[in-house]
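Residue-level listing of the chains:
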Amino acid sequence: MHEKTLAELSQALRSKAISSVELTEHYLKRIEQFDGTLNSYISVTPELALQQARAADARIAAGDAGPLTGIPLAHKDLFCTRGVRTSCGSKMLDNFIAPYESSVTQRFIDAGAVMLGKTNMDEFAMGSSNESSFYGAVRNPWNTEHVPGGSSGGSAAAVAARLCAAATGTDTGGSIRQPAGFTALTGLKPTYGRVSRWGMIAYASSLDQGGPMARSAEDCALMLQAMAGFDAKDSTSVEQPVPDYSASLNDSLKGLRIGLPREYFGAGLDSATAEAIQAAVQQFQALGAEVREISLPNAELAIPAYYVIAPAEASSNLSRFDGVRFGHRCDNPADLTDLYKRSRAEGFGAEVKRRIMVGAYALSAGYYDAYYLQAQKIRRLIKNDFIAAYEQVDVILCPTAPTPAFRIGEKIDDPVSLYLTDIYTITANLAGVPGIALPAGFANGLPIGMQLLGPYFSEARLLNIAHQYQQHSDWHTRTPDGY
Ligand SMILES: NC(=O)C[C@H](N)C(=O)O
């Protein structure tokens, strides 16, 4: 059953070839079998899952089923799920049972989907390898010595190993696209404001965006359909109609103008990755696309700007974890200051502390203009680069990361080298534009990812382009050995 894509499972459920209870039990068994090694789930919720599966079967029997009814999914552990631990990968929230449901997970409940559990992630989504999780590193099913990417590494590993049909992720600086690239998945970061952030534990609020991680563009379209849309509870949610993302999947690519940003194909790009992207370019040309070189001249400023803006917002967002209202509280505090200090010192891991310090420094009086304000100006330049590029081309094609997945432990002692793995993904977050990652090949058994970036609200077009590529390639159909 797990060989089937979400779209195929959806058909099988509605034709009653399988029941949601059978399917859910099957995935729960697989989680038991494989997740001891992979560590892709922080919490598995079998009782809730089976209860939802029974309800889904009843809906199907009553003829009241949508495409996601009865489909077993997993959610990144930063979406609040009522009555279920929502840890954000941190000791700080190890004991936090969310009292309410995030808008995204509520939409999946309304669609009749099943939640198998909550997936592992870098602590507070800070990381690109899933090694900063309080619950331990996640292993990449393509090679368990390697990372699955991050911060949505648990979702990536779970979908790649077929331990759920699809999953949610969030992308602040590449956290959906980079792990999708490292695990041969299709992952979509929507336009900022397309998917509600309500009930998503905030990291960098002006960049965070939830999105789907699945086996194909077709599956992502079904997932995004449920996730996208205006939400009055999120002040940055955009009131814009949601198109039918599946309707345009088969549109032709004739005349599509693809831009290759010169800055993304320079030093630091691994040669096997460059070759795979070149081959994909040829495939797109064969499908009728025109390809030309473009420039995103301020791309090299993206990492330094991001690593000021994201920590600045994080230092502010994470000030709510004070040991008073929720989360970890130290034992026997001497006074209020001691309570704050020790609760935070004990609850947060090293990377989170590093970013709180960087962010607090960048925002402090006297340095604000030099760092935060400068970074915001760079952000505007990067946004302008994209706007100018989209006057010449319809979409931008580039790798998701400079190399395939690296080894667990390889970069952990060198934060800057880890930050550099986000070099191709971060610009889209700073500009707020959407991007889709999809598999473009393999090197030494490890997946190579490419991404397509489009103008604001071009998700339907990105899904269409990715789907057309997937009609003419089979990278996305491959399964890691043993799964
Ligand atoms: N959250 C993300 O999108 C990941 C990014 N690597 C970061 O650490 O900020």
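All of these numbers come straight from a predicted model, not from anything done at the bench.

Peer 1: For this particular structure, what's the right way to read the overall build of the protein chain?
Peer 2: Across its full length, the protein chain holds 15 helices and 11 strands. For 483 residues, the compact-globule formula gives about 23 Å, and the C-alpha radius of gyration of the protein chain, at 21 Å, lands near that figure. A principal-axis box enclosing the C-alpha atoms of the protein chain has dimensions of 65 × 55 × 45 Å. Burial statistics for the protein chain: of 483 residues in total, 62% are counted as buried. When the 42 positive and 50 negative side-chain charges of the protein chain are each reduced to one mean point, those points stand 3 Å apart.

Peer 1: What exactly am I supposed to notice about the UniProt feature "active site" (unreviewed entry) in the protein chain here?
Peer 2: The positions UniProt marks with the feature "active site" (unreviewed entry) are Lys-76, Ser-151 and Ser-175. Annotated residues spanning 100 residues; largest pairwise C-alpha distance 11.0 Å, indicating a single compact cluster. Its place among the elements puts Ser-151 in the loop between strand S3 (114–119) and helix H5 (153–160). Once you skip the residues sitting within four places of it in the chain, Ser-151 turns out to touch Lys-76, Asn-120, Met-121, Asp-122, Ala-125, Met-126, Gly-127, Asn-130 and Ser-175. Topologically, Ser-175 is positioned in the loop between strand S4 (166–170) and helix H6 (177–182). Relative accessible area serves as the criterion here: at 5%, Ser-175 is assigned to the buried category. Apart from the residues lying within four places of it in its own chain, the contact partners of Ser-175 are Lys-76, Ala-125, Gly-127, Gly-150, Ser-151, Ser-152 and Thr-170. Separated by 2.7 Å, the side chains of Ser-175 and Ser-151 make a polar contact.

Peer 1: Mind showing me how you'd approach the site of the ligand here?
Peer 2: The environment of the ligand is formed by 14 residues, the closest being Gly-173, Ser-175, Tyr-203, Tyr-306 and Asp-422. Within the backbone of Gly-174, an N or O atom sits 3.3 Å from an oxygen atom of the ligand. Within the shell around the ligand, the residues separate by chemical class into 5 nonpolar, 7 polar and 2 charged.

Peer 1: Before we go on, may I ask you to explain the environment of Ala-440 in this structure?
Peer 2: Along the chain, Ala-440 falls in strand S10 (residues 435–443). A C-alpha to C-alpha distance of 9.2 Å links Ala-440 and Gln-451, two positions 11 residues apart in sequence.

Peer 1: How should a nonpolar patch on the surface be read in this particular structure?
Peer 2: Taken together, Val-324, Leu-336 and Tyr-340 make up a surface patch of nonpolar side chains, about 260 Å² in accessible area. Looking at where Tyr-340 falls in the secondary structure, it is placed in helix H10 (residues 336–347). Given a relative accessible area of 36%, Tyr-340 falls into the partly exposed group.

Peer 1: Hey, could you run me through the packing of helix H2 (residues 20–38) against helix H3 (residues 46–61) in this one?
Peer 2: Geometrically, a packed helix pair is captured by the angle between its two axes and the distance between the axes. Their axes nearest at 8 Å, the elements H2 and H3 cross at an angle of 155°. For the element pair H2 / H3, the angle class is roughly antiparallel. Like other packed secondary-structure pairs, H2 and H3 cross with a definite hand, here right-handed. Contacts between H2 and H3 involve Ser-20, Val-21, Thr-24, Glu-25 and Leu-28 on the former and, on the latter, Pro-46, Ala-49, Leu-50, Ala-53, Arg-54, Ala-56 and Asp-57. Considered class by class, the residues forming the contact of H2 with H3 number 7 nonpolar, 2 polar and 3 charged.

Peer 1: Would you mind showing me how to read the pattern of salt bridges here?
Peer 2: It is possible for side chains bearing opposite charge to pair when their charged atoms get close. In this structure the tally under the stated criterion is 14 salt bridges. Note that Asp-322 is salt-bridged to Arg-325, the shortest N-O span being 3.1 Å. The exposure class assigned to Asp-322 is buried, which follows from its relative accessible area of 10%. The salt bridge partner of Glu-346 is Arg-342, with a shortest N-O separation of 3.8 Å. Note that Glu-346 and Arg-342 are positioned in helix H10 at a spacing of 4 residues, about one turn of the helix. Judged by relative accessible area, which is 30%, Glu-346 ranks as partly exposed. Three or more residues are tied together by salt bridges with common partners; here these are Asp-338, Arg-342 and Glu-346.

Peer 1: Any chance you could explain unusual backbone geometry here in plain terms?
Peer 2: Trans is the prevailing form of peptide bonds, just as negative phi is the prevailing case for residues other than glycine. The step from Gly-150 to Ser-151 runs through a cis peptide bond, and the omega angle for that step is 10°. Not every positive phi belongs to a glycine, and Ala-184 is a case in point at roughly 65°. Relative to the helices and strands, Ala-184 is located in the loop between H6 and strand S5 (186–189). For Ala-184, a relative accessible area of 4% translates into the label buried. Even without glycine at this site, Asn-444 takes up a positive phi of about 50°. Here Asn-444 lies in the loop between S10 and strand S11 (446–453). On the basis of relative accessibility, which here comes to 81%, the residue Asn-444 falls in the exposed class.

Peer 1: Mind showing me how you'd approach the sheet that holds strand S9 (residues 395–399) here?
Peer 2: Sheets are built from strands that pair by backbone hydrogen bonding, the pairs being arranged parallel or antiparallel. An order of S1-S3-S2-S4-S6-S5-S10-S11-S9-S7-S8 is seen for the 11 strands of this open sheet, with the pairing classed as mixed. The sheet is open, and its two borders are formed by strand S1 (41–44) and strand S8 (290–294), each paired with just one other strand. The mean inter-strand angle of the sheet, taken between neighbouring strand axes irrespective of direction, is 30°. Pairing geometry for S5 and S10, over 3 bridges, is antiparallel. When the sheet's bridge partners are listed, Lys-189 is paired in S10 with Gly-435. Relative to the sheet, H2 contacts S1, strand S2 (72–76) and S3, its axis offset from that of S3 by approximately 20°.

Peer 1: Please clarify how the packing of aromatic side chains should be interpreted in this entry.
Peer 2: Each pair of aromatic rings is reported with the distance of its centres and the angle of its planes. Counted by the stated rule, this structure contains 20 aromatic pairs. Connected via pairs of aromatic rings, a cluster forms that spans Phe-96, Phe-124, Phe-321, Phe-326 and Phe-348. Seen from the ring of Trp-198, Lys-233 lies directly overhead, with NZ or CZ sitting 4.0 Å from the centre. Lying across the ring of Phe-406, Lys-411 places its NZ or CZ 5.1 Å from the centre.

The rules we used
- All residue numbers refer to positions counted from 1 along the written sequence of the respective chain.
- Local features in a predicted model are, by the rule used here, given only for residues with pLDDT of at least 70; side-chain atom pairs are given and counted only at 80 or more, and totals for whole chains, interfaces and linings are based on all residues.
- Side-chain numbers come from the whole structure's heavy atoms, not from hydrogens or water.
- Secondary structure elements are defined from DSSP: runs of H or I of at least 4 residues count as helices, runs of E of at least 2 residues count as strands, and each element is numbered from the N terminus.
- Radius of gyration: C-alpha atoms only; globule rule: 2.2 Å multiplied by the number of residues to the exponent 0.38.
- Throughout this description, buried means an accessible area under 20% of the type-specific maximum (1.4 Å probe, protein chains only), exposed means over 50%, and partly exposed covers the range between.
- Counted as positive: Lys and Arg. Counted as negative: Asp and Glu, with His and the chain ends omitted from the count.
- For charged residues, the charge sits on one atom: NZ in Lys, CZ in Arg, CG in Asp, CD in Glu.
- UniProt positions are given in the numbering used here, feature names are shortened, and annotations may be inferred rather than shown by experiment.
- Every residue pair with non-hydrogen atoms within 4.5 Å of one another is taken to be in contact.
- Contacts described as polar in this section are N or O atom pairs within 3.5 Å, which, within protein, must combine one atom able to donate a hydrogen with one able to accept it, while residues neighboring in sequence count only if both atoms come from side chains.
- What makes a residue near a molecule or strand is one non-hydrogen atom of that residue sitting within 4 Å of it.
- Gly falls in the polar group here, along with every residue not listed as nonpolar (Ala, Val, Leu, Ile, Met, Phe, Trp, Tyr, Cys, Pro) or charged (Asp, Glu, Lys, Arg).
- The patch calculation keeps residues exceeding 30% relative accessible area without a salt bridge and links them within 9 Å when they carry like charges or within 5 Å when they are nonpolar (Val, Leu, Ile, Met, Phe, Trp, Tyr).
- Here the open area of atoms and residues is found with the Shrake-Rupley method and a 1.4 Å probe, where only the protein chains shown may cover a residue.
- When a carboxyl oxygen of Asp or Glu is within 4 Å of a side-chain nitrogen of Lys or Arg, the pair counts as a salt bridge.
- Angles run from 0 to 180 degrees between N-to-C directions of axes, and those axes are lines fitted to C-alpha atoms, restricted for helices to the stretch in contact.
- Roughly parallel here means an angle under 35 degrees, roughly antiparallel means over 145, roughly perpendicular means 65 to 115, and every remaining angle is called oblique.
- Handedness of each helix crossing follows the sense of rotation of the near helix against the far helix: counterclockwise by less than a right angle gives left-handed, clockwise gives right-handed.
- Strand pairing follows a simple DSSP-based rule, namely that at least 2 bridges must link the two strands.
- Ring geometry is summarised as follows: Phe, Tyr and Trp rings, the Trp one being its six-membered ring, pair when their centres sit within 6.5 Å, and such pairs are stacked at plane angles under 30 degrees, edge-to-face over 60 and tilted between the two.
- Charge-over-ring placement is defined geometrically: NZ (Lys) or CZ (Arg) within 6 Å of the ring centre, and within 35 degrees of the ring normal.

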